[in-house]
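So the chains spell out like this:
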Amino acid sequence: MFEKVLEEIKLRNPIVHCITNYVTVNDCANAILAVNGSPIMADDIHEVEEITTICNALVINIGTLNERTVASMIKAGKMANHLNHPVVLDPVGAGASKLRTNTAKKLLEEINFSVIRGNISEIKALAMNMTSTQGVDANINDIVTAENLNEVISFAKKFSQETGAVIAITGATDIVANQEKTYVITNGCAMMSRITGTGCMLSAILGATTAIGQNDLLETTAYTIAMMGYCGELADQRVRNDNSGTSSFRMHLIDALSTINYYQLKAGVKIELH
Amino acid sequence: MFEKVLEEIKLRNPIVHCITNYVTVNDCANAILAVNGSPIMADDIHEVEEITTICNALVINIGTLNERTVASMIKAGKMANHLNHPVVLDPVGAGASKLRTNTAKKLLEEINFSVIRGNISEIKALAMNMTSTQGVDANINDIVTAENLNEVISFAKKFSQETGAVIAITGATDIVANQEKTYVITNGCAMMSRITGTGCMLSAILGATTAIGQNDLLETTAYTIAMMGYCGELADQRVRNDNSGTSSFRMHLIDALSTINYYQLKAGVKIELH
Amino acid sequence: MFEKVLEEIKLRNPIVHCITNYVTVNDCANAILAVNGSPIMADDIHEVEEITTICNALVINIGTLNERTVASMIKAGKMANHLNHPVVLDPVGAGASKLRTNTAKKLLEEINFSVIRGNISEIKALAMNMTSTQGVDANINDIVTAENLNEVISFAKKFSQETGAVIAITGATDIVANQEKTYVITNGCAMMSRITGTGCMLSAILGATTAIGQNDLLETTAYTIAMMGYCGELADQRVRNDNSGTSSFRMHLIDALSTINYYQLKAGVKIELH
């Protein structure tokens, strides 16, 4: 299935409307382009509906949110829902402030999301309002381990049922669930958390892949996440070979996204239906 | 002529005031620095006139525009006109939303631009309000080809007459026209559209080069565009040699801008007076 | 002392709240991560107090300031003061516009800063309102030389007395002073001013290092600045070896920040107690 997604992205270059934070926006645009999508960033309330209309997917990322952009997110999201475009939510820092948690919850009330992707703290903050995120990263006691894997999967399934969205909880182990099925992915490397933007880029890319693979959201989401993780592994290899560092890693990661093909990916993904 | 422009930029480090989008702003600053200019980004309405006054050129880019910044663009543009500084317009996404098209048109009414640089869709949207841009990129039926080259040239000359600006329509083939003369440039490579920001960087660099070459705007604009395209070719070569990808391409492109000299450029430019 | 700072950053990953400009924000986040800190960028007035509360330091950078963010800076700064977190000020472009100079002065009135880092023009603009910055860079007549070194040191000490902050004046020669002692640092290279963001990244990193070395602010600040300069030298070496350019330099600089250890640093720093 994902083979066809990668092929069609190349042919159709889906346009992805991003309302996103100003920290990683350039990385997000370049990541979308790397996978053969076409990014358009627009957040003014007077144009977001029109922009979303000419696009094929919408990605909403609440990092560096402010009142002006929150209103635009809702307006764009409603239009994307109306047009049946996939809509991805990245609840960056949900749990770290009331503004972020409440904004994310308001977005969940107003918009039907296709995919919600965050770390375990952020997803828990959305679902339960009972955690706090630190430095836009998972709390130590919120890491997915062999011990709590089943608990997290059951939580993700329940949250998927509530929201109707595919729930993607990413970290060292990634969990991608709908109400019925769950994929567990173990691609990736520690270096991915030594640069900013790997999560944001992943959510941005999900806009491009779900625009094509909308009929099988769960599998498309799972393979996109595995692809990102595997590209991280390839980049990590490069950094080890040339003794470079975190900025080289960022470059090699986007390079890998821009060159990987399905056959390499197939050999590299570590993905299991749970 | 352009040899002298490159020499003087090194000596005088012209300061370029940019009111630009938050997607590619870092690339724009680094591109200006690469060609020995000095960037200053400032968009608050309470400082844009003062900032423009200490600068040598102004670049207005409407990507990720919002109401706050549009008012600043007009204020800065009027002051730059008053001071006889070159003013460059990059109408990113004109045609993609009424807000962008109308903003670009309003800017054209209020400000005298020295250079207007965009893809064919954007320039047509400004001139004729009869097209739509997709993903901040040219429509397929808006590509400049051997067949429609003369038509596009004649259009560019007419639009230059209306606006008083040098019109730069960039794509696989670039057209740079004033009322009387047209340069056709065929430098560049496909990879340039696989990263975000090549258009924005080009407009930003035009601020630095036209600050020096203001007396021959047409030739300065044409050679700046040829330089960008040729640096793209050099970067493309590097990417092919080391089998890297789009993020490496971005780095090699800015590297090339920062090291190219007139003699290399002279040997590489593909520029014709039409 | 700084050896312990570098060790503890790795163990504790201090969270650094940045209210910063959109030009170099991505570089700042990656620089903080490179030195094992954890960045969080947040500027909405409804969340800055909460965000600062879960952080270990605050960095305020006034590049691309606007009215909305200035109010957030003051609110966050007061809270960080209340919590006794280190607060770093980067007065980007102070002196270039009344808005920036007045904002920087207002911030000085409302907030107690731990470290103020800028070029000589910016620091003079804060202290004396008798200079102007160009292109967010030092005026030619504002360069620190062997001739005016003692004058600048005495000025820095006085300004430290007035503000209670460690004053860091960076350029070819860096001066780091409190009321009593001054370090003079001569690390760094010319290439550092050929990319945007070296100053901003340095201020951002100071958030991470002073969060750990708050008890010896002067030495922590001096060694952090020497580390940045030495990493610049290492990056410069790489660029010379592979004949690359300014964008490669940026990458090698962040790479060096992410890999340097205390023993390398000790061998490379050029730091003198004056």
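Just so it is clear, the structure is predicted and the values come from calculations on it, not from any experiment. Each chain carries its own residue numbering, running from 1 in the written order of its sequence. Just so you know, chain letters begin at A and ligand numbers begin at 1, following the order they were written in. In keeping with the predicted nature of the model, local features appear solely for residues at pLDDT of at least 70, side-chain atom pairs appear and are counted solely at 80 or more, and the whole-chain, interface and lining totals rest on all residues. Remark: hydrogens and water are excluded; side-chain values derive from all non-hydrogen atoms of the structure.

Participant: What is the right way to read helix 6 (residues 120-128) of chain A from this model?
Facilitator: Residues three or four positions apart in an α-helix share a direction because the helix packs 3.6 residues into each turn. Residue and element names in this part refer to chain A. Here's how the labels work: a residue is buried when its accessible area is under 20% of the maximum for its type, exposed when over 50%, partly exposed in between, all with a 1.4 Å probe on protein chains only. Going along the chain from the N terminus, every DSSP run of H or I of four or more residues is numbered as a helix, and every run of E of two or more is numbered as a strand. Across the nine residues of helix 6, seven count as buried, placing the element largely inside the fold. Turning to helix 6, its buried residues are Ile120, Ser121, Glu122, Ile123, Lys124, Ala125 and Leu126. We call two residues in contact whenever any of their non-hydrogen atoms come within 4.5 Å of each other. On its buried face, helix 6 is in contact with strand 4 (87-90), helix 5 (98-110), strand 5 (115-118), helix 7 (149-163) and strand 6 (166-169).

Participant: I'm lost on helix 7 (residues 149-163) of chain C in this one. Help?
Facilitator: The first and last C-alpha atoms of helix 7 of chain C sit 21 Å apart over 15 residues, in line with the 21 Å expected at 1.5 Å per residue. C:Gly164, located one to two residues past helix 7 of chain C, shows a positive phi value of around 75°. Expected helix span is given by 1.5 Å per residue-to-residue step, counting one fewer step than there are residues.

Participant: How should I be thinking about unusual backbone geometry in this particular structure?
Facilitator: Among all residues save glycine, negative phi is the norm, and among peptide bonds the norm is trans. Residue and element names in this part refer to chain A. In the Ramachandran plot, threonine 64 falls in the positive-phi region, its phi being about 45° despite a non-glycine side chain. Here threonine 64 lies in the loop between strand 3 (57-61) and helix 4 (67-82). Its identity is not glycine, yet asparagine 243 carries a phi of approximately 50°, on the positive side. As for its placement among the helices and strands, asparagine 243 is situated in the loop between helix 9 (217-242) and helix 10 (246-259).

Participant: Before we go on, may I ask you to explain the interface of chain B and chain A in this structure?
Facilitator: Interfaces are frequently sized by the accessible area removed from exposure as the parts join. Taken together, the contact pairs 28 residues of chain B with 28 residues of chain A. Note on definitions: buried area is the accessible-area loss of two parts on being combined, 1.4 Å probe, summed for both. Summing both partners gives a buried area of about 2500 Å² for chain B against chain A, and 49% of it is carried by carbon and sulfur. Take a side-chain nitrogen of Lys or Arg and a carboxyl oxygen of Asp or Glu: if they are within 4 Å of each other, that pair is a salt bridge. Summed over the shared surface of chain B and chain A, the number is two salt bridges. For B:Lys98, the salt bridge goes to A:Glu50, with nearest N and O atoms at 3.8 Å. Polar contacts here mean pairs of N or O atoms no more than 3.5 Å apart (in protein, one a potential hydrogen donor and the other a potential acceptor; neighbouring residues in sequence count only if both atoms are side-chain atoms). Linking chain B with chain A are 17 residue pairs in polar contact (both at pLDDT 80 or more), by the criterion used here. The nonpolar class holds Ala, Val, Leu, Ile, Met, Phe, Trp, Tyr, Cys and Pro. Asp, Glu, Lys and Arg form the charged class, and all remaining residues, Gly among them, are polar. Looking at the side of chain B that touches chain A, its residues break down into eight nonpolar, 14 polar and six charged.

Participant: Help me out: how do you make sense of the relation of the copies chain A and chain C in this one?
Facilitator: The operation relating the pair of chain copies consists of a rotation about an axis and a translation along that axis. When the copies are superposed, the least-squares fit draws on C-alpha atoms of residues that have pLDDT of at least 70 in both. When chain A is fitted to chain C, the best match, at an RMSD of 0.0 Å, comes from turning it 120° and sliding it 0.0 Å along the axis. Such a combination of rotation and displacement between the chain copies is what one expects of a three-fold axis. Ranked by how close their C-alpha atoms come to the rotation axis, the residues of chain A are headed by A:Tyr22, at 3.7 Å. Looking at the interface residues of chain A, only 7% of them are also at the interface in chain C, so each copy uses its own face.

Participant: What's the story with the packing of aromatic side chains in this structure? I'm lost.
Facilitator: Any aromatic ring pair is given by two values, namely how distant the centres are and how the planes are angled relative to each other. Pairing of aromatic rings covers Phe, Tyr and Trp, the last through its six-membered ring, and needs centres within 6.5 Å; plane angles under 30 degrees mean stacked, over 60 mean edge-to-face, and all others mean tilted. By the definition in use, this model includes nine aromatic pairs over all chains. Measuring from centroid to centroid gives 6.3 Å for A:Phe155 and A:Phe159, while their planes differ by 0°, and the two rings are stacked. Separated by four residues within a single helix, A:Phe155 and A:Phe159 lie in helix 7, roughly one turn from each other. By relative accessible area, A:Phe159 is classed as buried at 3%. With centroids separated by 5.7 Å and ring planes inclined at 25°, the aromatic side chains of B:Phe2 and B:Tyr223 adopt a geometry described as stacked. Of this pair, B:Phe2 sits in helix 1 (residues 2-12) while B:Tyr223 sits in helix 9 (residues 217-242); the two residues are 221 residues apart in sequence, bridging distant segments of the chain. This pair shows no difference in class: B:Phe2 is buried, exactly as B:Tyr223 is.

Participant: What am I meant to see in the environment of A:Thr24 here?
Facilitator: Within the secondary structure, A:Thr24 is located in the loop between strand 1 (15-19) and helix 2 (25-34). Overall, A:Thr24 belongs to the buried group, its relative accessible area being 1%. Excluding anything up to four places from it in sequence, A:Thr24 contacts A:Thr196, A:Gly197, A:Cys200 and C:Asn26.

Participant: Just checking my understanding: could you explain the interface of chain A and chain C for this structure?
Facilitator: On the chain C side, the residues contacting the 28 residues of chain A number 28 residues. Of the roughly 2500 Å² buried at the junction of chain A and chain C (both faces included), carbon and sulfur atoms supply 50%. Run the count over chain A and chain C and you get two salt bridges. Between chain A and chain C we count 17 residue pairs in polar contact (both at pLDDT 80 or more) in total. Those elements that place two or more of their residues in the side of chain A that touches chain C are helix 5 and helix 10 of chain A. Looking at which element gives the most residues to the side of chain A that touches chain C, the answer is helix 10 of chain A, with five residues.

Participant: What exactly am I supposed to notice about the UniProt feature "binding site: substrate" (unreviewed entry) in chain A here?
Facilitator: UniProt positions are given in the numbering used here, feature names are shortened, and annotations may be inferred rather than shown by experiment. The residues that UniProt annotates with the feature "binding site: substrate" (unreviewed entry) are A:Met41 and A:Gly197. Mapped onto the secondary structure, A:Met41 falls in strand 2 (residues 38-41). With residues near it in sequence (within four places) discarded, A:Met41 still touches A:Cys18, A:Thr20, A:Val25, A:Cys28, A:Ala29, B:Val23, B:Thr64 and B:Arg100. Examined against the element boundaries, A:Gly197 turns out to sit in the loop between strand 8 (182-185) and helix 8 (198-212).

Participant: Can you help me understand the sheet that holds strand 7 (residues 174-177) of chain A in this one?
Facilitator: Within a beta sheet, neighbouring strands are joined by backbone hydrogen bonds and run either parallel or antiparallel to one another. Residues and elements named next belong to chain A. In this description, strands pair whenever DSSP reports at least two bridges between them. The nine strands are arranged 2-1-3-4-5-6-7-8-9 in an open sheet whose pairing can be described as mixed. Only two strands of the sheet have a single neighbouring strand rather than two, namely strand 2 and strand 9 (271-273). The average angle at which neighbouring strand axes cross in this sheet is 20°, direction not considered. With four bridges connecting them, strand 1 and strand 2 associate as parallel partners. Each bridged residue has a counterpart across the sheet, and for valine 16 the counterpart in strand 2 is proline 39. To obtain each axis, a line is fitted to C-alpha atoms, and for helices this fit is confined to the stretch in contact; angles are then taken between N-to-C directions over 0 to 180 degrees.

Participant: Help me understand the relation of the copies chain B and chain A in this model?
Facilitator: Mapping chain B onto chain A is achieved by rotating through 120° and translating by 0.0 Å along the same axis, at an RMSD of 0.0 Å. Interface residue correspondence from chain B to chain A reaches only 7%, placing this contact among heterologous pairings that use different surfaces.

Participant: Quick question: what am I supposed to make of the environment of B:Asn150 here?
Facilitator: Inspection of the secondary structure assignment puts B:Asn150 in helix 7 (residues 149-163). Counting along the chain gives 14 residues from B:Asn150 to B:Gly164, while the straight-line C-alpha distance between them is 20 Å.

Participant: Would you explain the nonpolar core in this entry?
Facilitator: What tends to happen in soluble globular proteins is that the nonpolar side chains get buried as a cluster. Definition used in this section: a nonpolar core is a set of buried Ala, Val, Leu, Ile, Met, Phe, Trp, Tyr and Cys residues joined via side-chain atoms within 4.5 Å. Counting residues in each nonpolar core, the largest one holds 175 residues, and the members touching the most others are A:Met227, B:Met227 and C:Met227. Residues contacting B:Met227, with those up to four places away along its chain left out, are B:Phe2, B:Leu6, B:Val35, B:Ile205, B:Leu257, B:Ile260 and B:Leu265.

Participant: How should the packing of helix 8 (residues 198-212) of chain B against helix 9 of chain B be read in this particular structure?
Facilitator: Each packed pair of helices is defined by two parameters, the angle between the axes and the distance between the axes. Residues and elements named next belong to chain B. One can describe the packing of helix 8 onto helix 9 by two numbers: an axis separation of 10 Å at closest approach and a directional angle of 140°. For the element pair helix 8 / helix 9, the angle class is oblique. In this structure, the crossing between helix 8 and helix 9 has a hand that is right-handed. Across the interface between the two elements, Thr198, Met201, Leu202, Ile205, Leu206, Thr209 and Thr210 from helix 8 touch Leu217, Thr220, Thr221, Thr224, Ile225, Met227 and Met228 from helix 9. Here roughly perpendicular refers to angles of 65 to 115 degrees, roughly parallel to angles under 35, roughly antiparallel to angles over 145, and oblique to all remaining angles. We call a crossing left-handed when the near helix sits turned anticlockwise from the far one by less than a right angle, and right-handed when that turn is clockwise.

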